[in-house]
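# Topology and contacts: notes
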Amino acid sequence: MNNKLFEYTLRIADDSLILGQRLSELCGHGPILEEDIALTNISLDLIGQATNLLEYAASIENKQRDADKLAFLRVDKEYKNSLLVEQPNGDFGSTIVRQFLFDSFRRPFFEALASSTDESLAAIAKKSLKETKYHLKHSSEWVIRLGDGTSESHQRVQKSIDVLWRYHSDLFYEDEVDLALVSENIAPSFKEIKKEFNQHVLAVLEEATLKLPDNNWEFTGGRKGMHSEHLGHLLAEMQYMQRAYPNMEW
Amino acid sequence: MVSLKSIWKFLEEVKDPEVPVLSIIDLGIVREVLFVDQKAKITITPTYSGCPAMNHIEKDISHVLNTKGIEFVEVETVLSPAWTTDWISENGKKKLFEYGIAPPVDEPDKSILFAKPIEIQCPQCYSKDTSMVSLFGSTSCKAQYKCNVCLEPFDYFKCLK
């Protein structure tokens with residue numbers, strides 16, 4: 001059971017870590033000052049969540065790998081984040097759509113995980129949920145502004161939805177790891193979470209005069225360590241310092 | 001023998017490095033103080049998951065208590081129960097306002113998109129005719145506002161529940 005709990009905690013931690021790293025790339029590069037600050041604030045919340053989760057994962061594994069070692073010294077196939085969060089920032093519309101799909105998943109997910117029988121996961125979920133509500137409000141409002149904005153913003157944000165929607169299934173990927181923990185009431189089942197996710201996404205898209213793509217393309221594999229080409233490039237930058245100067249601190 | 005009451009008092013000297021007008025007591029992040037076998041054990045909780053001030057605060061706690069003659073200090077961080085702006089003391093809210101940061105106001109359900117914004121008073125000219133510039137500000141815990149009367153920008157300490 002400990003192996004499964006470790007694996008499960010890593011999946012949640014890596015979603016926060018990798019998206020936090022992606023958003024941090026925008027520091028100093030946001031389209032306007034307010035959004036530069038907003039996106040990096042969200043990045044900071046996500047990296048904070050990742051720290052709490054990786055510290056917990058390290059304590060479960062109990063192999064003298066601390067949170068920093070887990071964050072910086074794994075190889076790509078050992079990262080268990082969903083494919084959605086590793087996708088590049090693209091234009092502002094694409095950054096917002098990625099965030100919107102992720103936040104729409106994270107809010108009901110943390111709400112459900114807050115009742116976990118595992119006290120540490122429940123505590124992290126309750127803490128993170130408060131921050132996630134702000135993230136979701138921010139990304140949802142931007143999807144509506146861009147979708148129901150100019151013809152240029154509408155067309156570009158629609159294109160981002162067409163491209164990124166195929167990765168949403170990976171957020172709900174379920175295997176023996178989840179199922180074993182669901183039976184212990186440690187992990188919540190994805191059934192209700194997916195219902196809430198769909199409801200929120202569809203309501204916002206309607207308001208934004210946007211639609212889901214017609215195809216049923218689904219890409220999964222992140223939870224098993226099978227990633228898109230983008231993760232390796234992200235890790236190269238994220239891990240550079242620890243690889244070049246092992247154990248350096250600041 | 002050091003009394004618990006005096007330790008609480010000493011901790012008022014530890015300030016939030018990002019809002020130096022507030023002590024960690026005003027902020028409500030000190031959850032428990034114990035003194036056993038000549039050792040002080042202080043339990044604190046972060047405001048936001050990624051609050052970069054936490055390490056700094058931990059060091060400051062040890063430093064302040066050391067200077068008061070308490071040699072052994074242990075600081076523990078807990079996540080549960082999760083911090084809320086309700087724990088900021090009334091005195092703390094007053095100090096925030098005087099410092100130029102609008103204190104947290106009870107906000108309606110955050111799931112309502114484009115909700116009618118809550119009324120935030122400008123800490124410079126006291127007008128209530130203000131508008132939100134961005135939900136995110138200079139630190140995780142703040143939003144950016146501007147006053148429509150005196151035109152000054154100001155920080156609002158976001159309600160977190």
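Residues numbered from 1 in each chain as written. Chains lettered and ligands numbered in written order. Predicted model: local features only at pLDDT ≥ 70, side-chain atom pairs only at ≥ 80, totals over all residues. Heavy atoms only, no water.

### Digging into the overall build of chain B
- Within chain B, the regular secondary structure consists of four helices and nine strands.
- Along chain B, from the amino end to the carboxyl end, the secondary structure elements read α-β-β-α-β-β-α-β-α-β-β-β-β.
- In terms of overall dimensions, chain B has a C-alpha envelope of 55 × 30 × 25 Å along the principal axes.
- For chain B, with 161 residues in total, the buried portion stands at 46%.
- Within chain B, counting contacts between residues at least 6 apart in sequence, those at least 24 apart form 54% of the total.
- Within the structure as shown, chain B displays about 8,100 Å² of accessible surface, and the carbon and sulfur contribution to it stands at 52%. (Helix = DSSP H or I, 4+ residues; strand = E, 2+ residues; numbered from the N terminus. Buried < 20%, exposed > 50% of the residue type's maximum accessible area, 1.4 Å probe, protein only. Contact = heavy atoms within 4.5 Å. Areas by Shrake-Rupley, 256 points an atom, 1.4 Å probe, with all protein chains shown as cover.)

### Section: a nonpolar patch on the surface
Residues and elements named next belong to chain A.
- A surface patch of nonpolar side chains, amounting to about 410 Å² of accessible area, comprises Tyr240, Met241, Tyr245 and Met248.
- Note on placement: methionine 248 falls in the segment after α10 (229–244).
- When its relative accessible area of 31% is taken as the criterion, methionine 248 is described as partly exposed. (Patch = residues over 30% accessible without salt bridge, like charges linked within 9 Å, V, L, I, M, F, W, Y side chains within 5 Å. Salt bridge = Lys/Arg side-chain N within 4 Å of Asp/Glu carboxyl O.)

### Points about a negative patch on the surface
Residues and elements named next belong to chain A.
- The grouping of Glu55, Asp66, Asp68 and Glu249 at the surface amounts to a negative patch.
- For glutamate 55, the position within the fold is in helix α2 (residues 33–61).
- Judged by its relative accessible area of 46%, glutamate 55 falls in the partly exposed class. (Lys, Arg positive; Asp, Glu negative; His and termini not counted. Charge placed at Lys NZ, Arg CZ, Asp CG, Glu CD.)

### Some thoughts on the interface of chain B and chain A
- Chain B puts 29 residues into the contact, and the matching count from chain A is 27 residues.
- Interface area, chain B with chain A, both sides summed: about 2,500 Å², of which 66% is carbon and sulfur.
- Among the residues chain B hides against chain A, the three largest losses belong to Ser49, Phe114 and Phe136 of chain B. Together they make up 28% of the total.
- Linking chain B with chain A are zero salt bridges. (Buried area = accessible area lost by both parts, 1.4 Å probe.)

### Structural notes on the packing of helix α1 (residues 2–24) of chain A against α10 of chain A
All names here are of chain A.
- One can describe the packing of α1 onto α10 by two numbers: an axis separation of 11 Å at closest approach and a directional angle of 75°. Here α1 is positioned roughly perpendicular relative to α10, judged by the angle of their axes. Touching Leu17, Ile18, Gln21 and Arg22 of α1 are His230, Leu231, Leu234, Leu235 and Met238, all from α10.
- Split by residue class, the contact of α1 with α10 holds six nonpolar, two polar and one charged. (Axes fitted to C-alpha atoms, helices over the stretch in contact; angles between N-to-C directions. Parallel < 35°, antiparallel > 145°, perpendicular 65-115°, else oblique. Nonpolar A, V, L, I, M, F, W, Y, C, P; charged D, E, K, R; others polar.)

### Some thoughts on the sheet that holds strand β4 (residues 39–44) of chain B
Residue and element names in this part refer to chain B.
- With mixed pairing, the three strands of this open sheet are ordered in space as β3-β4-β5. The sheet is open, and its two borders are formed by β3 (30–36) and β5 (72–77), each paired with just one other strand. With direction set aside, neighbouring strand axes in the sheet form an average angle of 15°.
- Lying on the sheet, helix α1 (residues 4–11) is in contact with β3 and β4; it crosses β3 at an angle near 135°.
- Its contacts with the sheet place helix α3 (residues 54–67) against β4 and β5, and it is angled at close to 155° to β5. (Pairing = 2+ DSSP bridges.)

### Some points on empty space enclosed by the protein
- Under the counting rule described, the total for this entry stands at two cavities of 30 Å³ or more.
- Its boundaries defined by the atoms lining it, the largest cavity holds a volume of some 90 Å³.
- Along the walls of the largest cavity sit Tyr8, Arg11, Ile12, Asp15, Phe105, Arg106, Phe109, Leu171, Tyr173, Asp178, Phe190 and Arg223 of chain A, which together make up its complete lining.
- Breaking the lining of the largest cavity down by element, the ones donating at least two residues are α1 and α5 (92–113) of chain A.
- Among the elements that make up the lining of the largest cavity, the one with the highest residue count is α1 of chain A (four residues).
- Among the residues forming the lining of the largest cavity, the class breakdown is seven nonpolar, no polar and five charged.
- By volume, the second largest cavity amounts to about 60 Å³.
- Surrounding the second largest cavity, Asp16, Glu18, Leu27, Ile29, Thr47, Cys51, Ala53, Met54, Ile57, Cys141 and Phe157 of chain B form its lining.
- Grouping the constituent residues of the lining of the second largest cavity by class yields eight nonpolar, one polar and two charged. (1 Å grid on protein atoms, 1.4 Å probe; cavity = no way out; pocket = protein on both sides within 12 Å on 5 of 7 lines; lining within 4 Å. Points joined across faces, edges and corners; volume = space filled by probe spheres on them.)

Interpretation note: all reported values are geometric properties and have no functional meaning in isolation.
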